[in-house]
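Chain by chain, the residues run as shown.
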Amino acid sequence: MKDLKEKFTVPNILRWCIELILMTILYFILHSGGMKKYVLLIAVSVILFFLGRKKKWPAEAVLCVTLPIVSYLLLGGLSTFLNANPQMTSVKDMLFWIVPIFFACALYVYFGKDMERIVDFQFIGSCVAYLYRYRRWIQWYGKAEDSFAFVFGAFAIYYVYKKRWFAVLIAMILMYFADKKIAFLAVAAAVAVLFLLWIFKKGKILAMTIWSLGISGIFYYIYAIHSGVLKNLCYNMGIIGNGRMTMYDRFREIYEFSPFFFGNGLGNIANILDCWAIPTYDHLHNDLLKFYFELGFLGFLIFMISYGVTFYLAEKRFGKSQMCGLLAMTVHSMVLFMTDNVSVYILYLVPVYSICFAMLVSEEKQSTYLHKVMNRDKIK
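Cut-off values and rules
- Residues numbered from 1 in each chain as written.
- Predicted model: local features only at pLDDT ≥ 70, side-chain atom pairs only at ≥ 80, totals over all residues.
- Heavy atoms only, no water.
- Axes fitted to C-alpha atoms, helices over the stretch in contact; angles between N-to-C directions.
- Helix = DSSP H or I, 4+ residues; strand = E, 2+ residues; numbered from the N terminus.
- Left-handed = near helix turned anticlockwise from the far one by under 90°.
- Contact = heavy atoms within 4.5 Å.
- Nonpolar A, V, L, I, M, F, W, Y, C, P; charged D, E, K, R; others polar.
- Salt bridge = Lys/Arg side-chain N within 4 Å of Asp/Glu carboxyl O.
- Buried < 20%, exposed > 50% of the residue type's maximum accessible area, 1.4 Å probe, protein only.
- Core = buried A, V, L, I, M, F, W, Y, C linked by side-chain atoms within 4.5 Å.
- Patch = residues over 30% accessible without salt bridge, like charges linked within 9 Å, V, L, I, M, F, W, Y side chains within 5 Å.
- Areas by Shrake-Rupley, 256 points an atom, 1.4 Å probe, with all protein chains shown as cover.
- Expected span 1.5 Å × (residues − 1).
- Bend = angle between axes of the 7 residues up to and from the residue.
- Polar contact = N/O pair within 3.5 Å; in protein donor to acceptor, adjacent residues only side chain to side chain.
- Disulfide = S-S within 2.5 Å.
- Phe/Tyr/Trp six-rings, centres within 6.5 Å; stacked < 30°, edge-to-face > 60°.
- Lys NZ or Arg CZ within 6 Å of the ring centre and 35° of its normal.

Engineer: An account of the packing of helix α5 (residues 88–111) against helix α17 (residues 346–360) is needed here, citing residue identities and associated values.
Structural biologist: It is at 9 Å that the axes of α5 and α17 come closest, and there the two elements cross at 35°. Where α5 crosses over α17, the two elements pack in a sense that is right-handed. Each of F96, W97, V99, P100, I101, F103, A104, C105, L107 and Y108 in α5 lies in contact with α17, whose residues at this interface are I346, L349, V350, Y353, S354 and F357. Looking at side-chain class alone, the contact of α5 with α17 contains 15 nonpolar, one polar and no charged residues.

Engineer: Describe the pattern of salt bridges, and please don't skip the residues or the numbers.
Structural biologist: Counted according to the given criterion, the structure contains eleven salt bridges. For D120, the salt bridge goes to R164, with nearest N and O atoms at 3.1 Å. Taken together, the residues span a long stretch of sequence, with D120 in helix α6 (residues 115–133) and R164 in the loop between α8 (148–162) and α9 (165–178) at a distance of 44 residues. Residue classification places R164 among the partly exposed positions, given a relative accessible area of 34%. Beyond isolated ion pairs, a larger network of salt bridges with shared partners links R15, E19, D114 and R117.

Engineer: Could you give an account of the nonpolar core, naming the residues involved and the relevant values?
Structural biologist: The biggest cluster of nonpolar side chains holds 129 residues, and the ones touching the most others in it are F300 and F303. Look past the residues within four positions of F300 in its chain and what remains in contact with it is I218, F219, I222, L288, F291, Y292 and L295.

Engineer: Mind laying out the environment of Y141, listing which residues take part and the relevant values?
Structural biologist: Inspection of the secondary structure puts Y141 in helix α7 (residues 135–141). Considered as a pair, Y141 and Y110 are 31 residues apart in the sequence and their alpha carbons are 41 Å apart.

Engineer: So what about a nonpolar patch on the surface? Which residues, and what values?
Structural biologist: Among the surface-exposed residues, L14, I18, I21, L22 and I25 lie close enough to one another that they form a single nonpolar patch of about 480 Å² accessible area. Checked against the element boundaries, L14 lands in helix α2 (residues 10–30).

Engineer: Before we move on, can you summarise helix α15 (residues 287–317) with the specific residues and values?
Structural biologist: Taking 1.5 Å of rise per residue, the 31 residues of α15 would be expected to cover 45 Å, yet its terminal C-alpha atoms sit only 30 Å apart, more than 12% below that figure. Along α15, the helix axis deviates most sharply at G296, where the bend reaches about 115°. Among the 31 residues in α15, 23 count as buried, and that is most of the element. Capping the start of α15 is the job of one residue whose side-chain oxygen sits 3.3 Å from the backbone nitrogen of L288: N286. Positive phi appears at G319, one or two residues downstream of α15, with a value of about 140°.

Engineer: Which residues make up the state of the cysteines, and what values go with them?
Structural biologist: Linking two cysteines covalently through their sulfur atoms gives a disulfide. If you walk through the whole model with that rule in mind, you get zero disulfides. Among the cysteines around C17, which has no disulfide bond, C127 carries the closest sulfur, lying 17 Å off. With relative accessibility at 41%, the residue C17 sits in the partly exposed group.

Engineer: Before we move on, could you go through unusual backbone geometry and cite the residues and values that matter?
Structural biologist: Positioned with a positive phi, D179 is a non-glycine residue whose angle comes to about 60°. On the secondary structure map, D179 appears in the loop between α9 and α10 (181–199). A positive phi is found at K202, a non-glycine position, where the angle reads about 55°. The residue K202 is located in the loop between α10 and α11 (204–227) in this model.

Engineer: Residue-level account of the packing of aromatic side chains, with values.
Structural biologist: Counted by the stated rule, this structure contains 39 aromatic pairs. Arranged with centres 5.8 Å apart and planes meeting at 85°, the rings of F251 and F293 form a pair that is edge-to-face. Here F251, found in helix α13 (residues 244–251), pairs with F293, found in helix α15; they are 42 residues apart in sequence, far enough to count as distant. For F251, a relative accessible area of 1% translates into the label buried. Members of the aromatic cluster, joined through ring pairs, are F219, Y220, Y223, F251, Y255, F257, F261, Y292, F293, F297 and F300. Cation over ring: K55 sits above Y110, and NZ or CZ is 3.9 Å from the ring centre. For the cation-ring pair, R135 lies above Y132, with the distance from its terminal atom to the ring centre recorded as 4.2 Å.

Written out as structure tokens, the structure reads:
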């Protein structure tokens, strides 16, 4: 009771209200169009880094979240350099990756272990932003299709991970309203991975095996697109791809499924699509194929392996639960990457990275780590 009284003081409540308002405003900004939001987020990130520069926080968390992004940018930059084909779209693609992770890192630096509370406020803010924006659509049609579905899917996985079932229910209801079918498949796959790991006591070997199988499946998926297997399968099953298969076919002559395909560099697909000027296809709607096209066979493989390295580091530094959480979030993203261009959605990336930080620095796991260190020191 005393702890609760100390926690629920007027200054704390006032600060929480301000944070909630700011997180709600954030999601209105993230859902807006144009590049202004990127400039604004960079400015806010610099301020947060400055204010939080003297605070203590585990630097390993930054490494665990940023390693795949850094790998992608370095490998993509190398491919761009070797092909000598930098484009303005290369810069845009880099901004799409850098700004969300830069902002999430700034939130982590400033809030530290309070990222759990910030993620809760982000969830509330995203709910308010979506319901306000589409209130009339939901009232008239019962649904309002939007990329918010991917956001609510990410929050649903996070709350399954935290075993907060009422929040899971709210996230799933809103995901249904946002009406993206692939979002349900992505959540189902991620939750299945979580449950499987929980059943087998969060084994590291099992987690690495799941991810190894995932990498193999992703490469087969790329092969199936290039060979036409996926196209024939979809046609035979009556699956409507909304022109995706036709679009994938147009790129088949520009890349190869071979260890000797070294990629065409960052932003190259976006530049080609700009030249083709197809109104309904300003993106490829397949991030996995986009990554392969940009990085090449070997680069794409290294990029996928970098995620496995983060799972290993998370388990070693923070614990098995965090490893399982990061793996589930990655599975969720990879399923979305199969048929959409989620990698350029700052609306999706900011909550995903924020959730990853919240998973890594939760109080329970930190205290477990400190307990191990203290025991080790006593033994010495």
